[in-house]
Amino acid sequence: MVFSAITSIALAHVFYYAAIRRIGATIPMLVVLAQPFVVFSMSSVVFHERLNTLQLVCGAVLLLGSAVSIWAQQHLNAKPPP
């Protein structure tokens, strides 16, 4: 069990830093930031847990902000037409 835990954590870090090297730091960081809201949303389907209104609004703002950041990064790296 200890070996499995250490291996899983090591692989998660390897994949995380490989993603940072490949696509930059913004998108992997936004995924880590949005992960708690996405997991809790999935658990509401599986375990019938409920988010209150404030949690839903803040989660929607978080996802919207992440989408805007990804959009901005893509347009920041785009070359203007000649």
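Structure: above.
Scoring rules and cut-offs
- Residues numbered from 1 in each chain as written.
- Predicted model: local features only at pLDDT ≥ 70, side-chain atom pairs only at ≥ 80, totals over all residues.
- Heavy atoms only, no water.
- Patch = residues over 30% accessible without salt bridge, like charges linked within 9 Å, V, L, I, M, F, W, Y side chains within 5 Å.
- Areas by Shrake-Rupley, 256 points an atom, 1.4 Å probe, with all protein chains shown as cover.
- Salt bridge = Lys/Arg side-chain N within 4 Å of Asp/Glu carboxyl O.
- Helix = DSSP H or I, 4+ residues; strand = E, 2+ residues; numbered from the N terminus.
- Buried < 20%, exposed > 50% of the residue type's maximum accessible area, 1.4 Å probe, protein only.
- Phe/Tyr/Trp six-rings, centres within 6.5 Å; stacked < 30°, edge-to-face > 60°.

Chemist: Got a sec to walk through a nonpolar patch on the surface? Specific residues and values, please.
Modeler: There is a patch of nonpolar side chains on the surface, built from Leu11, Val14 and Phe15 and spanning about 310 Å² of accessible area. Among the secondary structure elements, leucine 11 is positioned in helix H1 (residues 2–23). On the basis of relative accessibility, which here comes to 43%, the residue leucine 11 falls in the partly exposed class.

Chemist: Quick rundown of the environment of threonine 53? Include the residues and the values.
Modeler: With respect to the helices and strands, the residue threonine 53 is situated in helix H3 (residues 53–77). Residues threonine 53 and methionine 42 lie eleven residues apart in sequence; the distance between their C-alpha atoms is 17 Å.

Chemist: Explain the packing of aromatic side chains to me, using residue names and the numbers behind them.
Modeler: Summed over all chains, the structure comprises one aromatic pair. Relative to tyrosine 17, the ring of tyrosine 16 has its centre 5.4 Å away and its plane inclined at 70°; by these criteria the two rings are edge-to-face. You can call tyrosine 16 partly exposed: its relative accessible area is 23%.

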